[in-house]
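For reference, the chains in residue letters:
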Amino acid sequence: MSAPLFEIRDLHVAVEGKEVLKGVNLVVRRGEVHAIMGRNGTGKTTLSYTLMGHPKYQVLSGSILLDGEDITQLKPEERAKKRLFLAFQYPVAIPGVSVASFLRASMKSVRAGEIEPSKFRSLIKDELKHLSIPETFMTRSLNEGFSGGEKKRLETLQLRLLQPKMAVLDETDSGLDIDALRIVSENLQSFRNSDRGMLVITHYQRMLNYIKPDVVHVFGSGRVLESGGPELALKLEERGYDWVEGA
Amino acid sequence: MKEHQIFKSKDAIPGSGSRHAVEAVAGRSPATGVLHYRIPNTGGVHEIDIALGEGARVEMVIEQANSAEVESLSRVKVKAGSDSTLKLTVILDGGAKSAFEIDTSVEGRGARVELRGLLNAKGSQQFSLRADAVHAVSDTYSDLQVWCAARDDSRTVFNGRIHILQSAPRTEAFQKNRNLMLSKRATVDSFPKLLIENDEVKCAHGSSTSSLEPEQTYYLQARGIDRETAESMMLKGFLRQPLEWISDAAVRGEIESRLGVVEEEWS
Ligand SMILES: Nc1ncnc2c1ncn2[C@@H]1O[C@H](COP(=O)(O)OP(=O)(O)O)[C@@H](O)[C@H]1O
Ligand SMILES: [Mg+2]
């Protein structure tokens, strides 16, 4: 059998000298969508930052494997080029850098050799339409003065343009109104295929109605406390986290 | 005591200097585009007088793009009459040492003066900008925003002062200074001041100094952009900000290309 698409092995991570992740284990196979649910402050963003190689998050032990290859020590840009993607919970604003030039630079780096840079523009235009993002956004500074929902649409746009094989979505549904939630979720769902994997971090069932997860994990105290099928998400929504954490 | 300016008024500055005057009457000047003035590359002291009559609307860009060894002091005097509007962009980019002084007298009711400054220092360049705005009458507005980038062994100094006289109620005055320090050997100084003699005014000032933001670098890297490229994009982004509001695309393009911060067009 071939290696799983994505694997996290006994991952321990410290930030600012404090151990936040305390032994995370997770295996995502090709085509699978996994959801992670958990209270605020349990380390979900720490996990997603670490997966993408944030320099502030120090891996104490354990490893991250993409397609069987250990990527734990790689720089963020190298992980991106290996087709790992993180949709940020809080996308960063960069004044003076236009969305268009950012997207071009990013696509040039990640999808070089696969598509001609001259095709970028029409590709971007198509995806803008899918996500109902006005073209005027292209000349604005990246994420500057964008509403929460606009930022999340733009994260989704980047995911679709960069075509990752493994995507980590950190609360991509928070800050979205009902229409935006539908648009973003549909775009994520249609991105799903038998080769790709997704790790969806969320507080709510509502996005999971569109993107049915194969596996749901409950996160607490820096590790996976419980895993189950889609019914686990419904149970959490009904009964909260106490019953898992108390177990 | 810290030295607050690269040159003092009493300093002897080598070079021949120059004088330049702009006198604007009611209406927009220039009728299309913007006034684009370059400080002559002669060194010495340069005097620039900008007088806005009642209802005059002026947009002007002053560039100091001297060659490497030149030292200069530029003194800009602005008089803003009733209901006049000035949009002034000042760019300090060339020369060895360069000081810029802008004294604005907001002396007509309803006058609005907006300034954007960019000090782009590298190598061993030393740049200072002193901007004083005096609000003498009611219902006036001024907004000063200055970006300083200091690389290598360079130095930038910003002195900003807003003075609102008792005779100027309902004045709004703002001042903002952002500094980007790109090397441990660079020096960045900032001295923003407010002097307010009337209670019925709206004022704000702020100054921040930082190096390139690691969270921004990480975000770009997470999108596959290597660190060096990311940092160069961020620096360009910083330098572009004070230029964005220049309404004449040709002038803006010319300056962007000289500063090396041109972005590919979208459409
Ligand atoms: N950059 C950081 N600096 C200091 N503490 C951090 C940092 N990032 C996360 N933490 C801490 O780690 C814990 C988990 O935070 P986070 O991963 O953001 O949780 P979640 O995403 O589940 O809400 C919190 O106690 C938080 O304060
Ligand atoms: Mg979080």
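In case you missed it, the structure is sitting above this.
Residues numbered from 1 in each chain as written. Chains lettered and ligands numbered in written order. Predicted model: local features only at pLDDT ≥ 70, side-chain atom pairs only at ≥ 80, totals over all residues. Heavy atoms only, no water.

Caption draft 1: Highlighting the overall build of chain B. Scanning chain B for helices and strands turns up three helices and 15 strands. Computed over C-alpha atoms, the radius of gyration of chain B comes to 19 Å, within 12% of the 18 Å expected from 2.2 N^0.38 for 267 residues, which places it in the range of a compact globule. Burial status across chain B gives 53% buried among its 267 residues. (Helix = DSSP H or I, 4+ residues; strand = E, 2+ residues; numbered from the N terminus. Rg over C-alpha atoms; globule rule 2.2 N^0.38 Å. Buried < 20%, exposed > 50% of the residue type's maximum accessible area, 1.4 Å probe, protein only.)

Caption draft 2: Structural view of the pattern of salt bridges. Residues and elements named next belong to chain A. Tallying each qualifying case throughout the model produces 37 salt bridges over all chains. Between D242 and R39 there is a salt bridge, with its nearest N and O atoms 2.6 Å apart. Placement of D242 in helix α9 (residues 242-246) and of R39 in the loop between β3 (33-38) and α1 (44-51) is noted, with a sequence separation of 203 residues between them. Relative accessible area serves as the criterion here: at 55%, D242 is assigned to the exposed category. Taking relative accessible area as the criterion, R39 reaches 33% and is therefore assigned partly exposed. (Salt bridge = Lys/Arg side-chain N within 4 Å of Asp/Glu carboxyl O.)

Caption draft 3: The nonpolar core, seen in detail. Of all hydrophobic cores here, the largest spans 107 residues; its most connected members are F6, L47 and M138 of chain A. Look past the residues within four positions of F6 of chain A in its chain and what remains in contact with it is L26, V27, V28, L51, I64, L65, L66, L84 and M166 of chain A. In this structure, I62, A121, L144 and F158 of chain B belong to the second largest nonpolar core, which totals 33 residues. (Core = buried A, V, L, I, M, F, W, Y, C linked by side-chain atoms within 4.5 Å. Contact = heavy atoms within 4.5 Å.)

Caption draft 4: Fine view of the interface of chain B and chain A. Residue-level contacts link 24 residues of chain B with 44 residues of chain A. Carbon and sulfur atoms supply 60% of the area buried between chain B and chain A, which totals about 2,600 Å² over both sides. Contact with chain A buries surface across chain B, with Y218, R223 and W266 of chain B losing the most and accounting together for 37% of the total. Where chain B packs against chain A, one counts two salt bridges. A salt bridge links E264 of chain B to R104 of chain A; the nearest nitrogen and oxygen atoms lie 3.7 Å apart. Counting every contact that joins chain B to chain A gives 18 residue pairs in polar contact (both at pLDDT 80 or more). Breaking the side of chain B that touches chain A down by element, the ones donating at least two residues are α1 (214-222) and α2 (227-240) of chain B. With seven residues, α1 of chain B is the largest single contributor of residues to the side of chain B that touches chain A. Looking at the side of chain B that touches chain A, its residues break down into nine nonpolar, six polar and nine charged. (Buried area = accessible area lost by both parts, 1.4 Å probe. Polar contact = N/O pair within 3.5 Å; in protein donor to acceptor, adjacent residues only side chain to side chain. Nonpolar A, V, L, I, M, F, W, Y, C, P; charged D, E, K, R; others polar.)

Caption draft 5: View of the coordination of the magnesium ion (ligand 2). Residue and element names in this part refer to chain A. Binding of the magnesium ion (ligand 2) to the protein goes through T45 (OG1) and Q89 (OE1), at separations of 2.0 to 2.2 Å. In this pair, T45 is assigned in helix α1 and Q89 in the loop between β6 (84-87) and β7 (94-98), connecting sequence segments 44 residues apart. Q89 sits in the buried class, given a relative accessible area of 14%. (Donors = N, O, S within 2.8 Å, 3.2 Å for Na, K, Ca; no water.)

Caption draft 6: Focus on the packing of helix α3 (residues 99-110) of chain A against helix α5 (residues 148-162) of chain A. Residues and elements named next belong to chain A. Put simply, α3 and α5 touch, their axes get as near as 10 Å, and they point 30 degrees apart. As judged from the angle between their axes, α3 and α5 are roughly parallel. For the pair α3 and α5, the crossing hand works out as right-handed. Residue-level contacts link V99, F102, L103, S106, M107 and V110 of α3 to L154, L157, Q158, L161 and L162 of α5. (Axes fitted to C-alpha atoms, helices over the stretch in contact; angles between N-to-C directions. Parallel < 35°, antiparallel > 145°, perpendicular 65-115°, else oblique. Left-handed = near helix turned anticlockwise from the far one by under 90°.)

Caption draft 7: How the structure looks around the pairing of strand β12 (residues 155-164) of chain B. Residues and elements named next belong to chain B. For β12, a buried count of nine out of 10 residues is recorded, marking the element as mostly surrounded by other parts of the structure. Direction of pairing for strand β10 (residues 126-135) relative to β12: parallel, over a ladder of 10 bridges. Its bridge partner lying in β12, S128 is registered against V157. Across 10 bridges, the pairing between β12 and strand β14 (residues 187-196) is parallel. Directly across from V157, in β14, lies its bridge partner D189. (Pairing = 2+ DSSP bridges.)

Caption draft 8: Here's a closer look at the pairing of strand β8 (residues 97-106) of chain B. Residues and elements named next belong to chain B. Of all 10 residues making up β8, seven are buried, and the element is well covered by its neighbours. Judged from the 10 bridges that link them, strand β6 (residues 71-80) and β8 form a sheet pairing that is parallel. Across the sheet, residue L73 finds its bridge partner in β8, namely A99. Inspection of the sheet shows β8 paired to β10 by 10 bridges, in the parallel sense. By the bridge assignment for β10, T104 is matched with A133.

Caption draft 9: Highlighting the site of ligand 1. Residues and elements named next belong to chain A. In the neighbourhood of ligand 1, 14 residues make up the surrounding shell, with G41, K44, T45, T46 and Y57 lying closest. At a separation of 2.7 Å, an oxygen atom of ligand 1 approaches a polar backbone atom of G41. The fraction of the free accessible surface of ligand 1 (550 Å²) that becomes covered by protein chains is 68%. Those elements that place two or more of their residues in the shell around ligand 1 are β2 (18-28) and α1. (Near = heavy atom within 4 Å. Areas by Shrake-Rupley, 256 points an atom, 1.4 Å probe, with all protein chains shown as cover.)

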